[in-house]
Amino acid sequence: MLRLAVDIGGTFTDLVLEDGARSWSTKLLTTPAAPEAAVLDGTARILALAGRAPAELGLVVHGTTLATNALIERKGARTALVTTEGFRDSIEIAWEHRFEQYDIHMERPEPLVPRQWRRGVPERVAADGAVLLPLDEAALRAVAADFRAAGIEAVAVCFLHSFTHEAHERRAGAILAEELPGVALSLSCEVAPEIREYERASTTIANAYVQPLMAGYIGRLESGLRDAGVAAPLLLMMSSGGVTTVETARRFPVRLVESGPAGGAILAQAVAAECGIRRGVAFDMGGTTAKLTLLDELELQRSRQFEVARAYRFVQGSGIPVRIPVIELVEIGAGGGSIARMDALGRIQVGPDSAGSVPGPACYGHGGTEPTVTDADAALGRLDPARFAGGSIPLHIDRAEAALGAIAAALASDAAGAAAGVAEIVDETMASAARVHAVENGKDTAERTLIAFGGAAPLHAARLARKLGMRRVVVPVGAGVGSAHGFLRAPIAYEVVRTRHMRLDAFDAALLEGLFAAMRAEAEGVIRLGAPGRRCSSSAPPSCATAARATRSRCRWRPGLRCRGAAQRLRCRLCRPVRPHHPAAGGGGADLDPLALDHPAAAGGGGGPAPCPPRCPPPGGCCWTRRPASGRRRRCTSARRWRRAWRWRGRR
């Protein structure tokens, strides 16, 4: 099947066309005013390059930074918030702490919704779901009239404890849809139905803030592809590393934040599997930013909380928190288009602002005059002027050297010296970010393998690896369009989260089974839209002791017991069949079901054997050892390491 992947970045739009073992790729400058224009132009170019017709396309997978940029640049819709009366300032109070304790000039990021558009209405639900005060519909209609007069384009609804009782939010959504036709609505019981009021409200507001922008863009892109003769389904990349349908992306565009870097991480995971890399660092450096993420035993670091638009670089709590499934990575404003300058102390500073695609680096010849990292690479002779971006963008080395003139004069050096200084500073900035990210996750960068992809990453990979103590660098084929290659390897996946507070002495198994059934139905419904006609069935990842039985019959899965304040998670993904290799199964057996359900039962100390990871165990078998108090796990692939792990735990 002919498949097309499109990745829109801040500087370049990358396209990859794949037909079995053959592939074609191209790069175009992003068109910020109308991002879909570069996509449609690039689609026509790459199909002509392959000699194929638009009607032959079987699938289009798309990832974009449009939602991320709208949050960072504050260019989203005019958004309002409806919340429980007396709680409209909770979004500004946040966690009630200072993220930079000793900075007397610390400034918190401004909320996406100004205070005059945050309105409370009388209603109240208790933490256990009991209704203490019914929703005042007349007050809500009055608030809607004020929003209509103010020209509000999107409304976020987040009532206190709505994750336990969503009827008030559902009714509020119906009233607002009636009073404000054409206005985008986001309900917290749909966007983030889990505990923690501030994070839930922040996520819902962010979703509403970018919803009109993303809905309009997706609509124009669909229409443009249809007019060009493309009848293939369009899927969009999510921050979790999976792809989803257009309908889901329209409802929950906040899940598309960091979708481009997620594709690069999926590519790095595939490269690590092919090359036998157990511990690696995925390094993606494009035209605007650089991204790094860690891989251990072919597993990416994942999280359910992410901060967008941090006011302080690398400082947790200085950004806008969103509760979405993400591949955990660190992003630095150090790309090929990052602008270099001299600061007040006479030091070279690079980024975080970028020249972007318009006007772009000086060497592009499109009117840019400020020196960038790409200009430094061109002046150092690292770029071939005739073959840059496949020959579509000729480079002007003389303009790059002229742009570096101000830095060279300040350093009493020539253009080559200034370029070397810019390159060294940007490399050290990325190395510092990688060290901080590794330490925050309890990891080390030394003795890992650096997997470099993106337009600028291979140029800086060797120096970065030396700074981080790495001895091996892998640059995959097609590294310049790596994220787009990753899109074509991503599974159709969707993650659902619910929070239910339940005491053990009042445990209701029927209620819990109903909750899991609803979660599964929601996740499966999204997956079926992306893969119509595919058979879906659910099974738990089998434990090692029952691997042989799991190949012949369906496993029952048990929910784990989690501490108060934690949420149950259910992740569904449509993937290729997996063949277990446990010795008890004889290295063969029937294929497991194609719909894998990954439920973190082992993390909560629940009864029964802990499940294996969703992928195949290694040939030597596997087991999980846990500390009952903390739920932390160690993976052991042999009996000797199993005994050693338990002895180590006993000494502690």
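About the criteria used
- Residues numbered from 1 in each chain as written.
- Predicted model: local features only at pLDDT ≥ 70, side-chain atom pairs only at ≥ 80, totals over all residues.
- Heavy atoms only, no water.
- Pairing = 2+ DSSP bridges.
- Helix = DSSP H or I, 4+ residues; strand = E, 2+ residues; numbered from the N terminus.
- Axes fitted to C-alpha atoms, helices over the stretch in contact; angles between N-to-C directions.
- Contact = heavy atoms within 4.5 Å.
- 1 Å grid on protein atoms, 1.4 Å probe; cavity = no way out; pocket = protein on both sides within 12 Å on 5 of 7 lines; lining within 4 Å.
- Points joined across faces, edges and corners; volume = space filled by probe spheres on them.
- Nonpolar A, V, L, I, M, F, W, Y, C, P; charged D, E, K, R; others polar.
- pLDDT = per-residue confidence, 0-100.

**Some thoughts on the sheet that holds strand β10 (residues 184–187)**
- One open sheet accounts for four strands, arranged β6-β5-β9-β10; its pairing is parallel. Each edge of the open sheet carries a strand with a single partner, namely β6 (118–121) and β10. Strand-to-strand, the axes of this sheet are offset by a mean angle of 20°, without reference to chain direction.
- Relative to β6, strand β5 (residues 79–84) runs parallel, the two sharing four bridges. In the sheet register, threonine 83 faces β6, and the bridge partner there is glycine 120.
- Across the sheet, helix α5 (residues 167–179) lies against β5, β9 (154–158) and β10, angled at about 175° from β10, the strand it touches most.
- The strands touched by helix α7 (residues 197–227) are β5, β9 and β10; relative to β9, the strand with the most contacts, the crossing angle is about 160°.

**Some points on empty space enclosed by the protein**
- According to the stated counting rule, one finds three cavities of 30 Å³ or more in the structure shown.
- Glu190, Val191, Pro193, Arg255 and Glu495 are, among the 16 residues lining the second largest cavity, the residues nearest its centre.
- Top contributing element to the lining of the second largest cavity by residue count: strand β25 (residues 492–498), with five residues.
- Partitioned by chemical class, the residues of the lining of the second largest cavity number nine nonpolar, no polar and seven charged.

**Let's talk about the confidence of the model for the protein**
- Scored by pLDDT, the protein has a mean of 80; 81% of the residues are at 70 or more.
- For residues 537–569, every residue scores under 50 in pLDDT, and the model assigns this stretch 84 contacts once sequence neighbours within four places are set aside.
- In the predicted structure, residues 573–652 sits below a pLDDT of 50 and forms 160 contacts with residues beyond four places in sequence or in another chain.

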